[in-house]
Amino acid sequence: MRKKIYLLLVFISFPNIVYSSTDIYFERFKPKACTHEQKNGDLVFNIDNNRIDLSDTALTCTKEVVNNEWFYHIEYDGYDFNYDDINDTLDLTVKVQAFMDSTVAYTETDRDSFVELGEHSIVNDINNNWSVGNHAIKNQESLQFSIINTKLSLNDYYVNDNRFIKAKLIEPDAGYEHKYIIGTGSNLVSGEFRKPRKTIKLDSKLATITGAGSSSIKKDFSIHNINFKLTISARNEDMTDSNLSDYSSYPSGSTFSKAYPEQDRESTHYPSFSWDHIPRWLAVRKATSFTNEEILSISNYDIVMLEKSNKQGLKTVDAGILDAATRLKQINQNLTTLFYFNARVHYTGYSFDQVFEDNKWDWSTKVTDNDNVESIFMFKDRYYWHDFSSPEMRTWWAQSVLDTVSQPQIDGLFIDAIAKTPKEDLNNPLFIDGKPNTDFALLVDDVAKNLPGDKLFIGNTLRAETNNGSRSHMKYQDGSYLERWTIPMKGTSPKMNRADAISLSIQLMREASSKGKVIMLQSSPVTDEPIPNSLADKKAYLAKHVDFPLAVFLIAAGENSFFSYQLGVSADVKVQAIWNSDYIPQLNRPLGQPLTGPKQTGFVYEREFEFVDVWVDVEKKIARLTWK
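Residues numbered from 1 in each chain as written. Predicted model: local features only at pLDDT ≥ 70, side-chain atom pairs only at ≥ 80, totals over all residues. Heavy atoms only, no water.

1. Remarks on the overall build of the protein chain
Helix and strand content of the protein chain: nine helices and 38 strands. The C-alpha radius of gyration computed for the protein chain amounts to 28 Å, which stays within 12% of the reference 25 Å derived for 628 residues, consistent with globular compactness. For the protein chain, the spread of C-alpha atoms along the principal axes amounts to about 85 × 65 × 45 Å. Residue burial in the protein chain is summarised as follows: out of 628 residues, 58% are buried. Look at the contacts in the protein chain between residues 6 or more apart in sequence, and 70% of them connect residues 24 or more apart. Accessible surface computed for the protein chain: about 26500 Å², of which carbon and sulfur atoms make up 46%. Positive and negative side-chain charges of the protein chain, numbering 69 and 84 respectively, have mean locations separated by a distance of 1 Å. (Helix = DSSP H or I, 4+ residues; strand = E, 2+ residues; numbered from the N terminus. Rg over C-alpha atoms; globule rule 2.2 N^0.38 Å. Buried < 20%, exposed > 50% of the residue type's maximum accessible area, 1.4 Å probe, protein only. Contact = heavy atoms within 4.5 Å. Areas by Shrake-Rupley, 256 points an atom, 1.4 Å probe, with all protein chains shown as cover. Lys, Arg positive; Asp, Glu negative; His and termini not counted. Charge placed at Lys NZ, Arg CZ, Asp CG, Glu CD.)

2. Some points on the layout of surface pockets
Looking at the second largest pocket, its volume works out to about 750 Å³. Considering the residues around the second largest pocket, the lining is formed by 34 residues, among which Asn460, Tyr481, Glu483, Arg484 and Gln522 are closest to the centre. Broken down by secondary-structure element, the contributors of at least two residues to the lining of the second largest pocket are strand 20 (281-284), strand 22 (336-342), strand 28 (412-416) and strand 33 (518-523). A breakdown of the residues in the lining of the second largest pocket according to their chemical character gives 16 nonpolar, nine polar and nine charged. (1 Å grid on protein atoms, 1.4 Å probe; cavity = no way out; pocket = protein on both sides within 12 Å on 5 of 7 lines; lining within 4 Å. Points joined across faces, edges and corners; volume = space filled by probe spheres on them. Nonpolar A, V, L, I, M, F, W, Y, C, P; charged D, E, K, R; others polar.)

3. Observations concerning the packing of aromatic side chains
As enumerated under the stated definition, the model contains 40 aromatic pairs in all. With 6.5 Å between their ring centres and 55 degrees between their planes, Phe145 and Phe164 make a pair best called tilted. On the criterion of sequence distance, the pair formed by Phe145 in strand 13 (residues 142-152) and Phe164 in strand 14 (residues 157-170) is long-range, its members being 19 residues apart. A relative accessible area of 0% places Phe164 in the buried class. Arranged with centres 5.8 Å apart and planes meeting at 65 degrees, the rings of Phe341 and Phe352 form a pair that is edge-to-face. Taken together, the residues Phe341 in strand 22 and Phe352 in the loop between strand 23 (345-346) and helix 3 (353-358) connect sequence positions eleven residues apart. Grouped by ring-pair contacts, the aromatic residues Phe26, Phe29, Phe45, Tyr72, Tyr76, Trp130, Phe145, Phe164 and Phe228 constitute a single cluster. Above the ring of Trp70, the side-chain terminus of Lys63 is found at 3.5 Å from the ring centroid. The ring of Phe431 has Lys475 sitting right over it, with the charged end atom 5.5 Å from the ring centre. (Phe/Tyr/Trp six-rings, centres within 6.5 Å; stacked < 30°, edge-to-face > 60°. Lys NZ or Arg CZ within 6 Å of the ring centre and 35° of its normal.)

4. Some remarks on unusual backbone geometry
With an omega dihedral of 0 degrees, the bond running from Ser493 to Pro494 counts as a cis peptide bond. In this fold, Pro494 is placed in the loop between strand 32 (479-482) and helix 7 (498-514). In the Ramachandran plot, Asn67 falls in the positive-phi region, its phi being about 50 degrees despite a non-glycine side chain. Looking at the secondary structure, you find Asn67 in the loop between strand 5 (59-66) and strand 6 (69-76). Residue Asn67 is classed as exposed on the basis of its relative accessible area, which comes to 70%. Not every positive phi belongs to a glycine, and Ala417 is a case in point at roughly 65 degrees. Topologically, Ala417 is positioned in the loop between strand 28 and strand 29 (431-432).

5. Topic: the pattern of salt bridges
One pass over the structure, following the stated rule, counts 19 salt bridges. Where Lys32 meets Asp125, a salt bridge forms, and the shortest distance between an N and an O atom there is 2.7 Å. With a gap of 93 residues between them, Lys32 in the loop between strand 2 (21-29) and strand 3 (43-47) and Asp125 in strand 11 (residues 123-125) connect regions that are remote in the sequence. By relative accessible area, Lys32 is classed as buried at 16%. The shortest N-O distance in the salt bridge between Glu69 and Lys95 comes to 3.5 Å. (Salt bridge = Lys/Arg side-chain N within 4 Å of Asp/Glu carboxyl O.)

6. Digging into the confidence of the model for the protein chain
Taken as a whole, the protein chain shows an average pLDDT of 90; of its residues, 93% reach a score of 70 or greater. The model gives residues 1-20 a pLDDT under 50, and that stretch makes 136 contacts with residues more than four places away or in other chains. (pLDDT = per-residue confidence, 0-100.)

7. Brief notes about the packing of helix 7 against helix 9 (residues 547-556)
Put simply, helix 7 and helix 9 touch, their axes get as near as 9 Å, and they point 40 degrees apart. The angle between the axes of helix 7 and helix 9 places the two elements in the oblique class. The two elements helix 7 and helix 9 meet at a crossing, and its hand is right-handed. In this structure, helix 7 contributes Ile502, Ile506, Met509 and Arg510 to the contact, and helix 9 contributes Phe548, Val552, Ile555 and Ala556. (Axes fitted to C-alpha atoms, helices over the stretch in contact; angles between N-to-C directions. Parallel < 35°, antiparallel > 145°, perpendicular 65-115°, else oblique. Left-handed = near helix turned anticlockwise from the far one by under 90°.)

8. A closer look at the sheet that holds strand 37 (residues 612-617)
One open sheet holds the four strands; their spatial order is 35-36-37-38, and the pairing between them is antiparallel. Two strands lie at the open edges of the sheet, namely strand 35 (599-601) and strand 38 (622-627), each paired on one side alone. Looking at each pair of strands side by side, their axes are set apart by 10 degrees on average, direction ignored. Note: strand 36 (residues 604-608) against strand 37, five bridges, orientation antiparallel. Note that in strand 37 the partner of Glu608 across the bridge is Asp613. (Pairing = 2+ DSSP bridges.)

9. Let's talk about the side chain of Gln522
You can see Gln522 is positioned in strand 33. A distance of 3.1 Å separates the side chain of Gln522 from the side chain of Ser564, its partner in a polar contact. There is a polar contact of 3.4 Å between the side chain of Gln522 and the side chain of Gln566. In this view, Gln522 contacts Trp281, Tyr481, Leu482, Glu483, Trp485, Ser564 and Gln566; residues no more than four positions away in its chain are not counted. (Polar contact = N/O pair within 3.5 Å; in protein donor to acceptor, adjacent residues only side chain to side chain.)

10. Focus: the packing of helix 5 (residues 391-405) against helix 6 (residues 439-450)
Relative to each other, helix 5 and helix 6 sit at 30 degrees, their axes nearing to 10 Å. Classified by the interaxial angle, the pair formed by helix 5 and helix 6 is roughly parallel. Here helix 5 runs over helix 6; the crossing is right-handed. Of the residues in helix 6, those in contact with Arg394, Trp397, Ala398, Val401 and Leu402 of helix 5 are Asp439, Leu442, Leu443, Asp446, Val447 and Asn450. Counted by class, the contact of helix 5 with helix 6 contains seven nonpolar, one polar and three charged residues.

Quick look at the structure:
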């Protein structure tokens, strides 16, 4: 008996997963495929060393045009993926879109060009070549290919990966030096060709090719053929670490560098870690002194980051932090204590404030009004912003934190607001050949080199919403705190959604952990349900919604990964924050060694530990923890 396989080819992106699998390689796909004008060779693919073309009775396809977009629907019923002697049904849609008036910045330097897609245009076929409108692809015109709605009739198998491999460009009417750019966004590959044909590499789930002009009058080219690959996998296979540094499948993939930065300096002292319990960390502050009961509660965590505004009833914040750290160490010597300092925002209350105040004009970020009058920028109309271009400010910043972190009761430095520092850009990286390339890089490189060897350097760093996930900062850091891990990057094409952002955050954590970095995930309820007003209702609300963020953490967790779950960080009674979640049963259960690595099917993840099985759907934001 034969089951049908429906292939729908459309150009979009899916998370990149690596499993044992069957590959289907489409070596030829041309515009006239799936039409009454098709020739057998217009659609050719290989599966298990068998070459299939349109003459095969098991392969059929149709094309439809909807709102000037082309959709190719392909059916194939000639292969048995699970070896049960019954052929299986695969469904794919391939979509082709055209754009005009795209914003283009072409440079000859590899990975240095830019494209922002313009208005939708009309896809066309001229002599079996994909084109835009009634002509070939001109300057600032784009064609985009995607693969969507892939389905397989087998419950235990699915289309795990789809990827465009290469495309063949042709010049329709001579000319030379035809320039093109691959992808959208910044840091894009570009090139040119003078011969009649040019094969370009794509290696992406969304293939976008844009014309960037030429030095001749005849500037246009067409796309003659495009190659892509599908991977069919059994569900629930273990995810491997081999591709953790490949972010090309995400909408923000073009902002990522493939290489992970090598850290020059690594701390000789890492937090105490065990799989016996949920590894946990805490951020906390209080204007007055912690009570003995609060000190006892805090000491039960693995890491405590002693926040700003933490005077503890003393004259300055740094004195309060040192006092709290001393009290905590008296109870738990294995507790890791971190001193908080903000990279950009000049929060006050420290013993070294006056020096900055005396130099605020030279050391603060400035703004200029419509009358060209310069003034100091005030964040939230209250706080100065550090100006990293001032060498004197950088010296003050570095020495201030080093003096405090060098104290024996402090185990490391935590710097906040990396996202508020000048943005990371592959065109203007933090470091070049290992040397600082920006003013902020000069500062943190100086701090890292002068930090005592047994002190940790942690930052509020990795984020799905930033270029490159802010990974370049990991060159000088021993680990990263993560917040806003559900927030997608703005302005991507295609648009990044929250499920993409959470999946990307999981990969950022797993990649960093595989490099030996400390991970500190900060979380609170991920729900549309509003936060209640009373303290008792807040505690119930926090407990009710713990499973989803805890499940995300457990999927990503490696050695030296720690989880935090709070509604606020202030221990001041009047604030009524739920800073301590010790009362939640799930956070006090034994965890045990991980028995499997993470397993992924689309946006669903699974993992087994000795005492709990984890299942989470990051798209629907639901989780199931099965405790043993």
